[in-house]
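Structural description and commentary
Here are the chains, one letter per residue:
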Amino acid sequence: MTIDRRKFFKSIAITGMTIIGVNASGAPKAKSEDEETEFYGILYDSSICIGCQACEKACAKAHGLPEPTDKPEVGVVRKTSENQRCVLNSYETSQGEVYVRNQCMHCNEPACAAACLTQAMYKTKEGPVIWREDKCMGCRYCMISCPFDVPKFEYGSTNPKIQKCDMCYDRIIKGEKPVCVETCGDALFFGTRRELVAEARRRIAEIPELYIDSIYGERVAGGTGYLYLAPVAPGELGFDTRIQPSSYPALTKGFLYSVPSVFILVPTLLLGIHEATKSRKTKDENHD
Amino acid sequence: MTSPIIPLTKTAKDQSTWRFLMNELKPRGKWLTPFNLISIPIILVGLALIVIRFTEGLGAVSNINQEIPWGLWKGFNVVTGVAFAGGAYVLTFIVYILKVDKFHSIVRVTVLNGFLAYLFYAGALVLDLGKPWNIFNPIIGNNFGASSVLFLVAWHFLLYIVAQLIEFSPAVAEWLGARRAHKLLSGLTLGAVIFGITLSTLHQSGLGALFLMASQKIHPLWYNEFIPILFLVSSVFAGLSMVIFEGSISQRVFFRKISSKNRESRNSLVQSLSKICAFSMFAYLAMQFLVFIHGQHWDLLNTPMGYWFLLEMIGFVLVPMALFFYASRKSSILLSRVAAIITILGIILNRLNVSIIAFRWDAAVHYVPSWMEVVVSITIILIQIWIFRWVISRMPVLDESPKWAQKASH
Ligand code: SF4
Ligand code: SF4
């Protein structure tokens, strides 16, 4: 590892502050500050999706993963795995059979990135939440924390990776669309989150028979980069309805914010008690 | 500094240091004790499994899966073990801050225990990491996940190990007969104690805070926003119960090592410890009760998970609490020990509940540790006991410090 001196000292200073929690913020910098840094996302329209798995296959090919062999089937829940970053599932709903796509939601305030102690899980300013191999130590705390159970770990490997959708980050910074969007006809739509919401609202307004009047992802878990249009409520499509509507990293804020005060209060208090008991005992026997 | 810290002048003495160390590394006493006969084969199998874990990947020995990514090594060796090591911060608080001198005779052994525990739990953590070679990323370099609870816990862990080493170091100096070093190190004790207690309150609660983001993954009877505080309070009686339990064993095993004066005072010590346990358990139960009322989960009590919860709260907190009260009233050592053992089981139950059993209790595939995970978990503890024993029989931990050291510290 080559770190130059300035960087080294800077990191020491940061460490000092972080140990006592001064830098602690409940969430990694996840605010969209202005239009220029607006997050990209993907709108998935399950009313249009025909479950052809073209996106699954393209994804597997693009990321060097084995081609999926099973098909979406009612009654079978396919899950993303260390070999599959996205899956299609089929549900029998009140509106007939509906396909739904599952992959990383690219949360606005990702629990995985807040959990990661090395910033290997990272919310990029473009929007995708990516995983960086050289930083990860494989603690799997991201898996514990992600409310959607997205990050998957290669248990069979001696140099394991975390597998999850990264929205084809390398393509996005080159100005291209993610492979799944490129492959799909209309069911996947790529754009800034603002554009996606506008597009979703337009579709709902235009063909109200096709959709329920709500966009999954607009608020859930504090808002996600992946947005869903569907003819039925998310509960019917296998989504966990207990996932809270607000940010997950916020759950640890109280604890993290209390750390600096503990570092000031507790030692002072201890020293105070120590002094008080000392004077009471005067000079008689006093070990250590 | 004019004279060297270790009172051996170079050259000629170098050799004698070496001989001294070699001598001390040799085992003392009988080899074929029942403990050795049982522990050695287990340790050998455990070490072989650890080799397999690194050559074949985690999946080869462990049953953890994509939904339950933390298994026995994290849930038992780390999360549970740290609670038991809590005795060290509680006792250093009583002895060095409140200056209740009667606990002085057991503070060293408790700190030693805590120090070894942390060291080996850090070891368990490394085994569990997928990419352990990146473990220094959050410590050096510029990869600070400052918003991560685990980041804080890791750092506090590390610093606390150092603080405990400083707290224990006078014993090492006495063993080596290093007077100057002894003086210097003893002077650092108070600082290390204050720092150590602060770090302990933070990482004991931090271990609970780790699970705050898993809000809908943990059964609502165990998940609440107060997990950090509950973890902190329960670490008080978890640690002290361990002190009582461990004391009852070392009293038998290291009988000759314990000075007669200390032996006599043991009874009154256990009695006081029982009282502290009882009161902290009372506070803990009251908090659990408030949290329960607050959560409005009455309907959940009448489910299998609800019975499980009641078993933990009544059988393993309320009952031993009553026992502790009764034992301290009757000054019965035996009852205290029974209470301590029940409490220890209760803490294991509680920590495993939060981290493993009630974690994704609704998952299709439940996690049950493989025999290999169990063996490795036990191996870690056994090696720790071996080292503990080695230190106890050489350094002045249970017995009195040498005369010169006692005088110096007065
Ligand atoms: S869905 Fe999970 S893995 Fe994806 S960004 Fe959100 S928290 Fe992270
Ligand atoms: S497994 Fe890797 S990416 Fe996940 S939290 Fe740990 S260090 Fe971060």
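An account of the accompanying structure is given in this report. All values derive from a computational prediction rather than experimental measurement. Chains are numbered independently. Their residues run from 1 in the order of the written sequence. Ligands are numbered from 1 and chains lettered from A, in the order in which they are written. Since the coordinates come from a predicted model, pLDDT governs what is reported: local features require at least 70, and pairs of side-chain atoms require 80 or more to be given and counted, while whole-chain, interface and lining totals use all residues. Hydrogens and waters are ignored; side-chain quantities use all the structure's heavy atoms.

Right, let's get into the overall build of chain B. On a plain count of helices and strands, chain B comes out with 14 helices and zero strands. The secondary structure listing takes helices from DSSP runs of H or I that are at least 4 residues long and strands from runs of E that are at least 2 residues long, numbered from the N terminus. When the helices and strands of chain B are read in sequence order from the N terminus, they spell out α-α-α-α-α-α-α-α-α-α-α-α-α-α. Three exposure classes are used, based on accessible area relative to the maximum for each residue type with a 1.4 Å probe and protein chains only: buried under 20%, partly exposed in between, and exposed over 50%. By residue count, 57% of the 410 residues in chain B fall in the buried class. Whether two residues are in contact is decided by their heavy atoms: any pair within 4.5 Å suffices. Within chain B, residue pairs in contact and separated by at least 24 positions form 81% of the contacts whose partners lie at least 6 positions apart.

It is worth spelling out the sheet that holds strand β9 (residues 226–229) of chain A at this point. Residues and elements named next belong to chain A. At least two bridges found by DSSP between two strands are what make those strands a pair. Pairing is mixed across the open sheet formed by three strands, whose spatial order is β8-β1-β9. Each edge of the open sheet carries a strand with a single partner, namely β8 (188–192) and β9. Going across the sheet, the axis of each strand differs from the next one's by a mean of 25°, ignoring polarity. Here four bridges tie strand β1 (residues 40–45) to β9, and the two strands are oriented parallel to one another. Looking across to β9, one finds that Tyr44 is bridged to Tyr228. Its contacts with the sheet place helix α7 (residues 193–206) against β1, β8 and β9, and it is angled at close to 135° to β8. For helices, the fitted axis covers only the stretch in contact; all axes are lines through C-alpha atoms, and the angles between them, taken along N-to-C directions, range from 0 to 180 degrees.

All names here are of chain B. One way to put it is that helix α2 (residues 34–56) packs onto helix α13 (residues 371–392) with a least axis distance of 8 Å and a crossing angle of 125°. On the basis of the axis angle, α2 is oblique to α13. Crossing handedness for the pair α2 and α13: left-handed. Residues Phe35, Asn36, Ser39, Ile40, Ile42, Ile43, Val45, Gly46, Leu47, Leu49 and Ile50 of α2 lie in contact with α13, whose contacting residues are Trp371, Met372, Val375, Val376, Ile378, Thr379, Leu382, Ile383, Ile385, Trp386 and Arg389. Residues are grouped as follows: Ala, Val, Leu, Ile, Met, Phe, Trp, Tyr, Cys and Pro are nonpolar; Asp, Glu, Lys and Arg are charged; all remaining types, including Gly, are polar. Broken down by class, the residue content of the contact of α2 with α13 amounts to 17 nonpolar, four polar and one charged. Orientation categories follow fixed angle ranges, with anything under 35 degrees roughly parallel, anything over 145 roughly antiparallel, 65 to 115 roughly perpendicular, and all other angles oblique. Helix crossings fall into two classes, left-handed where the near helix is turned counterclockwise from the far one by less than a right angle and right-handed where it is turned clockwise.

Residues and elements named next belong to chain A. A large share of strand β2 (residues 87–93) lies buried, amounting to six of its seven residues. Here β2 pairs with strand β3 (residues 96–102) via seven bridges, running antiparallel. Across the sheet, Thr93 pairs through a bridge with Gly96, a residue of β3.

Residues and elements named next belong to chain B. Taken together, the side chains of Leu310, Ile314, Leu318 and Val319 present a nonpolar region at the surface, about 290 Å² in accessible area. Position of Val319 relative to the elements: it lies in helix α11 (residues 304–330). Classification of Val319 as partly exposed rests on a relative accessible area of 37%. Residues form patches when they are more than 30% accessible in relative terms and have no salt bridge. Like charges link within 9 Å. Nonpolar side chains (Val, Leu, Ile, Met, Phe, Trp, Tyr) link within 5 Å. Throughout, the Shrake-Rupley method with a 1.4 Å probe supplies accessible areas, and for residues the shown protein chains are the sole cover considered. The salt bridge criterion pairs a side-chain nitrogen of Lys or Arg with a carboxyl oxygen of Asp or Glu, the two atoms within 4 Å.

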